[in-house]
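Summary of the model geometry
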Amino acid sequence: MTWRPGTTGNRARAKEARPGKARLIAYCMLALSIWGLAGAVGVSAQVPPDARYLTFDTENFQVTYMEGLETIARRAADRAERAYALLSAEFVAPPRGKIHLLMLDNVDVANGMASPFPRNRIIAFAQPPVSEPTLAFYQDWLDLLILHELVHIFHLDDARGIWPPLRRVFGREPFLFPQIFTPGWVLEGLGTYFESEYTGAGRVHGSMYEMVLRTAVLGDAFFAIDRATVDPVTWPGSTTRYVYGSLFINHLARLYGSDHVTAFIEELGGRLIPYRFDSAARDAFGTTLTRAWQAWEDSLRQDYSEVADSLRAAGLTEPEILSEEGRFAYFPRFSPDGSRIAYAAGTGREESALVLIEPDGSSTAVVPRSTLGPPAWSTDHDLLHGQLDFSGPHRVFSDLFVATVDGESRRLTDDARVWEPDPHPDGRRAVVVASARGTNVLALVDLQTGIVEPLTERDLDVHWSGPRWSPSGDRLAVGRWSPGGLFDVVLLDDEGALVEEITRDRAIDSSPAWSPDGRYLLFNSDRTGIANLYAYDILDRRLWQVTNVLTGAFQPDVSPDGRWIVFSYYDTDGYHIARIPFDPATWREAPPPAPERRETAGTPPDLIAEAGGQARPYSAWPSILPTRWSLLASNQNLGLGLGLALSGEDIVERHRWALELLGYASGPRFAAAAGYEYRGLGIPVVDIDLLQRWRVEAAGGSEGDGTASARPALLRQRRDASATLTWTRPRWRSSSFALVGLDVRDASFEWGDGGFTQAASEPALPLDLGTVLAAGFSTVRRYDLSLAGAQDGVLGSLQLEGRRYLDAPATEAANRNYWRAIVRTGGYRGVDWFGFAPPVFALRADAGVESDAAAPGFGLGGPGVGEGAASNLDRLRRSLTLPVRGYPAGSQRGSRVARISAEFRYPILLAERGFRLLPLALDRIWGDVFIDAGAAWCPAPCSASVGNSPPTPDPLLALGAEAIFDLRLGYAANLPLRFGVALPLREPGRYAVQGYVRVGQAF
């Protein structure tokens, strides 16, 4: 995982029927920009509000940490203060007030994120990134992580000119932060550049990012600036912003000076109109980013052509490619009999999986996987592997699973937090890497019971990866990071004691593998600046270079008969599984490490430095106080209305609240919405909402008797109060929820002239008490290269609602009670036939029924915009309109409704192109053909009093097609623009062919 910024935003909100409002137009682009800041896994899913926390302060930070993490939290505090001093001197001005640093250990992933909303907050996970090659070049992983995320805080908080005075009035309103309108490669490029500039390590100085650019340049696959800006899914996908951004900013800093990079950011922070990046670049660098990018590409072509010529002169390794698709193809492993090769695959077209290469060269996906760690054969039939899964709503842990070549799978451990298994030759146990509160340890797992026992002691300054048993089972080869930035291959005995250091330098030496006779230990190393395979002769104590590639070679394994070496080979479209003969006679003497990869002089003295005052129990106060207020405006119901909105949430997101008030000059009247959410139990989540709103029930006008008298408008005032409990059960490939709620509604009528009266012709709406039960599930998934929307899986939800009129007249006792049921289902199946993404067959079926309500709550018709069937927000609906394309919205109404839609969606073009740095680009084009059918009806006497309500089903049916242009707005947010034409098949003379344009998926 990469370190990404994330945002929380205003998550506590009154969820249904807030007062009508039109926020400032800037919110449109603001929302798109904020979406672009979010990480792969939402922050709310990663912060456990039910954990126990403690807090301490430093000069510029308030540090909050999960119980048991005090040492690593104090180290993080020391790194944060040092990074703060560096950035204050070399980068933009520091933000006002203390920055919140949250240290967590609930996710078995090396990651972090930062957000300026609602307060400046950094989240860091206590997992060293030793298993992630792109992050493994570090002297102190905490230093890199904290510095990277703090750059985001300094950058996103920076503002000049009119913006600081406005913030002093409105607070931390997001649209007052000009730096959020920034391409992803600028945002992540800055963080990654500074993490390397100030630590002497990091991704800019590592070999992995340079490998990506070198391969792209030599393979004519280098991205132009518009394509990098659009956040492409084409390889290297989501890492484009990190790779291209950091190395381009490093190029600018080397060419013009790092102070000019800071000047460029300062220019952006003071501009009133966003997105004018080339203009800011001219002021800072004397040229536009577009021209500088082209010049950078030209310089890379010259440099890398010279590197290629040098490597070709020495003789290149030409491997045989075994896998069909690139992207991710990791950790090939020969079966014990040598007939098959298992590896971890992620093509972006379907779910990541454990894949087998059969003896005839064909490939078979065995079981889906959530991660791409190494598989390990325990027998010729069984494979052991680790993968992530949710352990409750807020924890994601890695466990061991056993998969068979027939596609069966079973779990071996529960919440053991272990990965990278390698079975012992005796077949009874396996060595694994295990999480250990800010570091990791080696451990042994009993393959019968799943019991885990530590093999090495917990040490914050030693990290392990990729353990492999020797053929005799008496030694372990393993990757070890140790102080000084030394990532080496070492040998341990079967009790975890050090036997021999195979390497000792600052190169990334990892993924060891034994030859069948135990003489050679193979591994990958970037000691020359390019990752290649090397072999250490255990007997002669000599190191040999096995491959010489232009790109990169990783993760070797040797066949049981000693004939072949398989490995992960990098190319322009990602990683492939490749092989070469196992032939020591062709190996060459390994060169010494390049100067920047040689051993450093000892342990950095500040590696164990700590900071911070006395720790105290965490308190949500005062971080729950609002940090901003915003204006609301409405002219939809009662003329002009003005108001304000406030919201807040505490640092660990245990409490969330929102308040909105809107006042109308007519009356005077006011509308309001308030919501509070308590998440401290973990599950269930407690949610309380209050609402008052007005709407025009009947417009005013002439009395209709020919007189000049006017009839005032009839207004309806509605008040709701609700409380719900929600249980969620997320899993990596599925999710489900259950909800129970209670609410009460009240409505009254008022004439617009201020005189209060009940309209005799209007239905009376007495006090209405209701309960709701809802449940849903989803296995819906989409992948990097999918069409917009779902590709595989099914979903469904059921909502039951029972209501009672508390003060209905006794003569109407039979109508005191009514109920409602809504069922929503869907299914998706991708077929890998053609195009940049698999075409998809999609089906949606929904139905609703209610008894004697005061007014029918279901409608049918219109093109519609899709919604998730398994959402736990269905409880908030007071009415439900289902689309049937080809007919006007509201063509039918009733107390019964049913709708079914079927689509075939197919890819047309993966464009991923814009124009320079404009915040608008075409991502992809796809189309669909569909058939929609549905009916809404209302049995008598309801149908006699409601327009467009047949007493029996009178189905609407239509055929049509759509072209969808998936636009990229604000650099990161996808906006599907649907151009459709629908042919109604019912009463063609009455309903003509309908063309329409809509934003969003149909379903």
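Values in this document were obtained by computation on a predicted structure and should not be read as measured data. (Residues numbered from 1 in each chain as written. Predicted model: local features only at pLDDT ≥ 70, side-chain atom pairs only at ≥ 80, totals over all residues. Heavy atoms only, no water.)

**Section: the overall build of the protein**
Along its length, the protein carries 14 helices and 52 strands. Put simply, of all contacts in the protein between residues at least 6 apart along the chain, 61% involve residues at least 24 apart. (Helix = DSSP H or I, 4+ residues; strand = E, 2+ residues; numbered from the N terminus. Contact = heavy atoms within 4.5 Å.)

**Side note on helix α11 (residues 258–269)**
Residue pairs three or four apart in sequence face the same way in an α-helix, which turns once every 3.6 residues. For α11, spanning 12 residues, the distance from its first C-alpha to its last is 17 Å, which sits close to the expected 16 Å at 1.5 Å a residue. Listing the buried residues of α11 in full gives Val261, Thr262, Phe264, Ile265, Leu268 and Gly269. The arc enclosing the buried residues of α11, seen along the axis, measures out at 155 degrees, which places them on a common side. (Expected span 1.5 Å × (residues − 1). Buried < 20%, exposed > 50% of the residue type's maximum accessible area, 1.4 Å probe, protein only. Arc of directions from axis to C-beta.)

**Quick notes on the nonpolar core**
Ranked by size, the top nonpolar core spans 122 residues in total, and within it Met103, Leu150, Phe264 and Leu289 carry the most contacts. For this core, the leading source of residues is helix α4 (residues 141–157), giving 11 residues. Residues within four places of leucine 150 in sequence aside, it is in contact with Phe61, Ala80, Ala83, Tyr84, Leu87, Ile99 and Ile122. Core analysis: the second largest hydrophobic core is formed by 16 residues, Ala553, Ile565, Ala578 and Trp587 among them. (Core = buried A, V, L, I, M, F, W, Y, C linked by side-chain atoms within 4.5 Å.)

**Notes on the pairing of strand β24 (residues 520–525)**
Within β24, six of the six residues are buried, which leaves it mostly tucked inside the rest of the structure. Of the two faces of β24, the one lined by Tyr520, Leu522 and Asn524 and the one lined by Leu521, Phe523 and Ser525 are each fully buried. Taken together, the four bridges between strand β23 (residues 509–514) and β24 define a ladder with antiparallel strand orientation. Paired with serine 510 across the bridge in β24 is asparagine 524. Hairpin connection, β23 to β24: the antiparallel pair is bridged by five residues, and glycine 518 has positive phi, about 80 degrees. (Pairing = 2+ DSSP bridges.)

**Let's talk about the environment of methionine 66**
Along the chain, the position of methionine 66 falls in strand β2 (residues 61–66). Between the C-alpha atom of methionine 66 and that of tyrosine 618, which follows or precedes it by 552 residues, the distance is 9.6 Å.

**A look at the pattern of salt bridges**
Applying the stated rule across the entire model yields 73 salt bridges. The salt bridge partner of arginine 480 is glutamate 501, with a shortest N-O separation of 2.7 Å. Placement of arginine 480 in strand β20 (residues 475–482) and of glutamate 501 in strand β22 (residues 498–501) is noted, with a sequence separation of 21 residues between them. Exposure remark for arginine 480: the relative accessible area of 10% places this residue in the buried category. In this structure glutamate 501 comes out as partly exposed when scored by relative accessible area, which is 33%. (Salt bridge = Lys/Arg side-chain N within 4 Å of Asp/Glu carboxyl O.)

**Remarks on the packing of aromatic side chains**
Applying the stated criterion across every chain yields a total of 46 aromatic pairs. Plain terms: the ring middles of phenylalanine 841 and phenylalanine 904 are 4.9 Å apart, the flat faces sit at 45 degrees to each other, and that makes the pair tilted. Taken together, the residues span a long stretch of sequence, with phenylalanine 841 in strand β44 (residues 840–850) and phenylalanine 904 in strand β48 (residues 896–914) at a distance of 63 residues. By relative accessible area, which is 40% here, phenylalanine 841 ends up partly exposed. Chaining the aromatic ring pairs together yields one cluster made of Trp185, Phe222, Phe223, Tyr244, Phe248, Trp293 and Trp296. Arginine 167 extends its terminal NZ or CZ atom over the ring of phenylalanine 177, reaching a point 3.7 Å from the ring centre. Between arginine 669 and the ring centre of tryptophan 694, over which it is positioned, the NZ or CZ distance is 5.2 Å. (Phe/Tyr/Trp six-rings, centres within 6.5 Å; stacked < 30°, edge-to-face > 60°. Lys NZ or Arg CZ within 6 Å of the ring centre and 35° of its normal.)

**A look at the packing of helix α8 (residues 208–218) against helix α10 (residues 240–256)**
The interhelical angle for the contact between α8 and α10, taken along N-to-C directions, is 95 degrees, at an axis separation of 10 Å. Overall, the two elements α8 and α10 adopt an arrangement that is roughly perpendicular. In this structure, α8 contributes Tyr209, Glu210, Val212, Leu213 and Ala216 to the contact, and α10 contributes Tyr242, Val243, Tyr244, Ser246 and Leu247. Each residue belonging to the contact of α8 with α10 can be placed in one class, and the counts come to eight nonpolar, one polar and one charged. (Axes fitted to C-alpha atoms, helices over the stretch in contact; angles between N-to-C directions. Parallel < 35°, antiparallel > 145°, perpendicular 65-115°, else oblique. Nonpolar A, V, L, I, M, F, W, Y, C, P; charged D, E, K, R; others polar.)

**Some details on the sheet that holds strand β21 (residues 486–493)**
Backbone-to-backbone hydrogen bonds join strands into a sheet, with any given pair of strands oriented parallel or antiparallel. In spatial order, the strands read β19-β20-β21-β22; together these four strands make up an open sheet with antiparallel pairing. Whereas interior strands pair on both sides, the edge strands pair on one side only; in this sheet they are β19 (463–469) and β22. Averaged over all pairs of adjacent strands, the angle between their axes in this sheet comes to 30 degrees, without regard to strand direction. Pairing analysis gives three bridges linking β21 to β22, with the strands arranged antiparallel. Paired with leucine 491 across the two strands is glutamate 500, which belongs to β22.

**Thoughts on the side chain of aspartate 557**
Mapped onto the fold, aspartate 557 is located in strand β27 (residues 553–558). Polar contacts involving the side chain of aspartate 557 include one to the side chain of arginine 468, which spans 2.9 Å. Those residues in contact with aspartate 557 that lie beyond four places of it in its chain are Pro332, Arg333, Phe334, Arg468, Ala513, Trp564, Ile565 and Val566. (Polar contact = N/O pair within 3.5 Å; in protein donor to acceptor, adjacent residues only side chain to side chain.)

**Considering the confidence of the model for the protein**
Of the residues in the protein, 88% have a pLDDT of 70 or more, and the chain-wide mean is 89. Taken together, the stretch residues 754–762 has pLDDT below 50 and engages in 11 contacts with residues farther than four places along the chain or on a different chain. For residues 868–877, every residue scores under 50 in pLDDT, and the model assigns this stretch 33 contacts once sequence neighbours within four places are set aside. (pLDDT = per-residue confidence, 0-100.)

**Brief notes about the environment of arginine 458**
By secondary structure assignment, the location of arginine 458 is in the loop between β18 (452–454) and β19. Looking at arginine 458, the relative accessible area reads 39%, which means it is partly exposed. In sequence terms arginine 458 and asparagine 440 are 18 residues apart; their C-alpha atoms lie 6.8 Å from each other. Every residue in contact with arginine 458, bar those within four places of it in the chain, is listed here: Ala436, Arg437, Thr439 and Val441.

**Remarks on the sheet that holds strand β45 (residues 858–860)**
Taken together, three strands build an open sheet; the order of strands is β46-β45-β47 and the sheet is mixed. At either end of the open sheet lies a strand with only one pairing partner, and these are β46 (880–882) and β47 (892–894). Across the sheet, the mean angle from the axis of one strand to that of its neighbour is 20 degrees, orientation sign disregarded. Both β45 and β47 contribute to a ladder of three bridges, which runs antiparallel. Its bridge partner being in β47, phenylalanine 858 is matched across the sheet by glycine 894.

**So, a nonpolar patch on the surface**
On the surface, Ile683, Leu725, Trp727, Val740, Leu773, Leu798, Leu800 and Val823 cluster together to form a nonpolar patch covering roughly 600 Å² of accessible area. Listing elements by their share of the nonpolar patch, those giving two or more residues are β39 (714–731) and β42 (793–805). (Patch = residues over 30% accessible without salt bridge, like charges linked within 9 Å, V, L, I, M, F, W, Y side chains within 5 Å. Areas by Shrake-Rupley, 256 points an atom, 1.4 Å probe, with all protein chains shown as cover.)

**Topic: the pairing of strand β50 (residues 956–969)**
Across 14 bridges, strand β49 (residues 920–937) lies against β50 in antiparallel orientation. From the neighbouring strand, leucine 920 faces β50, where its bridge partner is leucine 969. Between β50 and strand β51 (residues 973–984), which pair antiparallel in sequence order, lie three residues; one of them, glycine 970, sits at a positive phi of approximately 60 degrees.

**Focus: unusual backbone geometry**
Between phenylalanine 117 and the following residue, proline 118, the backbone shows a cis peptide bond with an omega angle of -10 degrees. Note that proline 118 resides in the loop between β4 (112–115) and β5 (121–125). Going from tryptophan 235 to proline 236, the amide bond is cis rather than trans, its omega being 15 degrees. Its place among the elements puts proline 236 in the loop between α9 (225–229) and α10. Despite not being glycine, aspartate 231 has its phi angle at roughly 55 degrees, a positive value. Summarising the element assignment, aspartate 231 is placed in the loop between α9 and α10. Positive phi is not limited to glycine here, since glutamate 420 has a value of about 50 degrees.

**What about the environment of serine 722?**
Along the polypeptide, serine 722 turns up in strand β39. Looking at serine 722, the relative accessible area reads 19%, which means it is buried. On a C-alpha basis, the gap between serine 722 and isoleucine 688 in space is 5.7 Å, while along the polypeptide they are 34 residues apart. Other than its neighbours up to four places away in sequence, serine 722 contacts Asp687, Ile688, Asp689, Leu742 and Asp743.

**Re a positive patch on the surface**
On the surface, Arg276, Arg282, Arg291 and Arg916 cluster together to form a positively charged patch. Topologically, arginine 291 is positioned in helix α13 (residues 289–314). (Lys, Arg positive; Asp, Glu negative; His and termini not counted. Charge placed at Lys NZ, Arg CZ, Asp CG, Glu CD.)

**Looking at the side chain of serine 895**
With respect to the helices and strands, serine 895 occurs in the loop between β47 and β48. Looking at serine 895, the relative accessible area reads 6%, which means it is buried. In this structure, serine 895 is in contact with Gly848, Val849, Glu850, Pro856, Phe858, Trp937, Cys938 and Pro939, ignoring residues within four places of it in sequence.

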